[in-house]
Amino acid sequence: MSSLCSVWNHLYSRLGAGSLPPVSQEEMMSILGFHPPFGEIRWGPFTGNTTLIRWFHAINKHFGVTGKGYYMYKAHGYGRTVGLNSNEGKTRLKEALLNPCAGVLYHCKNHYMVPIGFKDEPKAQVDAYAQTVSEADVDTHIIIGEVSRGKHSPMHVVKWDNIATDIECQAPYFFNIRQKEKGVQKREKCRRPGGNLHCLICFRSDMVEENLEMFEEGNGAEEEEEQSSGDEKAMASSPANAE
């Protein structure tokens, strides 16, 4: 919820590119029908990618604004961006980060974070001061805002290649972007091999969703993720892992 609140305020409030008063996450949770104490809510068992898109539209409806939420880059499972490779995903993310009418959520292991910028670093030292360097000769680093409960630094700077590794893993294999040193890992138990919830979700204030009925409460077509990744959801729902 913290990540979605950050993106929404960036798009629609005076904190970012909008004109509305800023909205706190507590107010957003109340709008969505949740009740205090908010700190005791365990989001993992019922929050998924499509849930966040549905909540985005519900908040927009409450404040009388429009927008669109969609999968920007997802390699496997429900909502996958068919035909999109990691380089194209990187290009889409960089374009969105330069667009004041766009905000992005990164679904990583048991968590959502907010990409907020990027930098391209030449691979060769001799190109450090070059006026132009080709895309093939740079490493792209994504700057990501952290919204967890103080367990991590407020920002992460990670190579795009690490993000691509995370998103392109298939269960039972996974990559934890906040524990990169562990490399690609394997779960001991896996209910549905081949899937992966992790992705980039883009929210736009300059586009309008024409099929809002897809995101109505109780739509049977949504939240395939909740059913397909019980292993990760079970971990996320425990107090030790909830963020």
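What you are looking at is a predicted structure, and each value in this text was computed from that prediction instead of being measured.

A. Examining the overall build of the protein more closely. Along its length, the protein carries seven helices and eight strands. A separation of at least 24 residues holds for 62% of the contacts in the protein among residues at least 6 apart in sequence. Counting every atom, the protein has about 12300 Å² of accessible surface; 51% of that belongs to carbon and sulfur.

B. View of the layout of surface pockets. There is about 410 Å³ of room inside the second largest pocket. Along the walls of the second largest pocket sit 17 residues, with Arg-54, His-57, Ala-58, Lys-61 and Glu-216 positioned nearest its centre. In terms of residue count, helix α3 (residues 49-63) provides more of the lining of the second largest pocket than any other element does, six residues in total. In the lining of the second largest pocket, the residues fall into eight nonpolar, four polar and five charged.

C. Quick peek at the pattern of salt bridges. Per the counting criterion, the structure on display carries seven salt bridges. A salt bridge links Glu-135 to Lys-90, with the nearest nitrogen and oxygen atoms 3.2 Å apart. With a gap of 45 residues between them, Glu-135 in the loop between β3 (111-122) and β4 (138-145) and Lys-90 in helix α4 (residues 86-97) connect regions that are remote in the sequence. The class of Glu-135 is partly exposed, set by a relative accessible area of 41%. One salt bridge connects Asp-120 with Lys-94, and the closest N-O pair in it is separated by 2.9 Å. With a gap of 26 residues between them, Asp-120 in strand β3 and Lys-94 in helix α4 connect regions that are remote in the sequence.

D. Main features of the side chain of His-57. Structurally, His-57 can be placed in helix α3. We classify His-57 as buried; its relative accessible area is 10%. When near neighbours in sequence (up to four residues on either side) are disregarded, His-57 contacts Gly-67, Lys-68, Gly-69, Glu-209, Leu-212 and Phe-215.

E. Summary view of α4. Taking 1.5 Å of rise per residue, twelve residues should cover 16 Å, and α4 covers 16 Å from first to last C-alpha, within 8% of that figure. Listed in full, the buried residues belonging to α4 are Gly-89, Lys-90, Leu-93, Lys-94, Ala-96 and Leu-97. Buried residues of α4, seen end-on, are gathered within an arc of 160° and therefore sit on one face of the element. The inward-facing, buried residues of α4 contact β1 (68-73), β2 (102-108), β3, β4, α5 (160-168) and β8 (199-204). Between a side-chain oxygen at the N-terminus of α4 and the backbone nitrogen of Asn-87 the separation is 3.1 Å; the capping residue is Asn-85.

F. Here's a closer look at the packing of aromatic side chains. In this structure the tally under the stated criterion is six aromatic pairs. Between Tyr-12 and Phe-56 the ring centres are 6.2 Å apart and the planes differ by 40°, which places this aromatic pair in the tilted class. One end of the pair, Tyr-12, is in helix α1 (residues 2-12); the other, Phe-56, is in helix α3, and 44 residues separate them in sequence. Exposure remark for Phe-56: the relative accessible area of 0% places this residue in the buried category. Clustering of aromatic rings is evident, with ring pairs tying together Trp-8, Tyr-12, Phe-56, Phe-63 and Phe-203. The residue whose ring lies beneath Lys-74 is Tyr-71, and the NZ or CZ to ring-centre distance is 6.0 Å. A cation sits over an aromatic face here: Arg-187 above Phe-174, 4.6 Å from the ring centre.

G. Structural context of the sheet that holds strand β5 (residues 155-159). The six strands are arranged β1-β8-β2-β3-β4-β5 in an open sheet whose pairing can be described as antiparallel. What marks the edges here is a single partner per strand, and that holds for β1 and β5. Between one strand axis and the next, the sheet turns by 35° as a mean value, whatever way the strands run. As paired elements, β2 and β8 share six bridges and run antiparallel to each other. When the sheet's bridge partners are listed, His-107 is paired in β8 with Cys-199. Along the sheet, α1 makes contact with β2, β3 and β8, crossing β2 at roughly 170°.

H. Spotlight on the pairing of β5. Burial along β5 is one-sided: the residues His-156 and Val-158 are buried and none of Met-155, Val-157 and Lys-159 is. Strand direction decides the pairing type here: β4 and β5, joined by five bridges, are antiparallel. Bridging from a neighbouring strand, Gly-145 pairs with Met-155 of β5.

The rules behind the values
Residues numbered from 1 in each chain as written. Predicted model: local features only at pLDDT ≥ 70, side-chain atom pairs only at ≥ 80, totals over all residues. Heavy atoms only, no water. Helix = DSSP H or I, 4+ residues; strand = E, 2+ residues; numbered from the N terminus. Contact = heavy atoms within 4.5 Å. Areas by Shrake-Rupley, 256 points an atom, 1.4 Å probe, with all protein chains shown as cover. 1 Å grid on protein atoms, 1.4 Å probe; cavity = no way out; pocket = protein on both sides within 12 Å on 5 of 7 lines; lining within 4 Å. Points joined across faces, edges and corners; volume = space filled by probe spheres on them. Nonpolar A, V, L, I, M, F, W, Y, C, P; charged D, E, K, R; others polar. Salt bridge = Lys/Arg side-chain N within 4 Å of Asp/Glu carboxyl O. Buried < 20%, exposed > 50% of the residue type's maximum accessible area, 1.4 Å probe, protein only. Expected span 1.5 Å × (residues − 1). Arc of directions from axis to C-beta. Polar contact = N/O pair within 3.5 Å; in protein donor to acceptor, adjacent residues only side chain to side chain. Phe/Tyr/Trp six-rings, centres within 6.5 Å; stacked < 30°, edge-to-face > 60°. Lys NZ or Arg CZ within 6 Å of the ring centre and 35° of its normal. Pairing = 2+ DSSP bridges. Axes fitted to C-alpha atoms, helices over the stretch in contact; angles between N-to-C directions.

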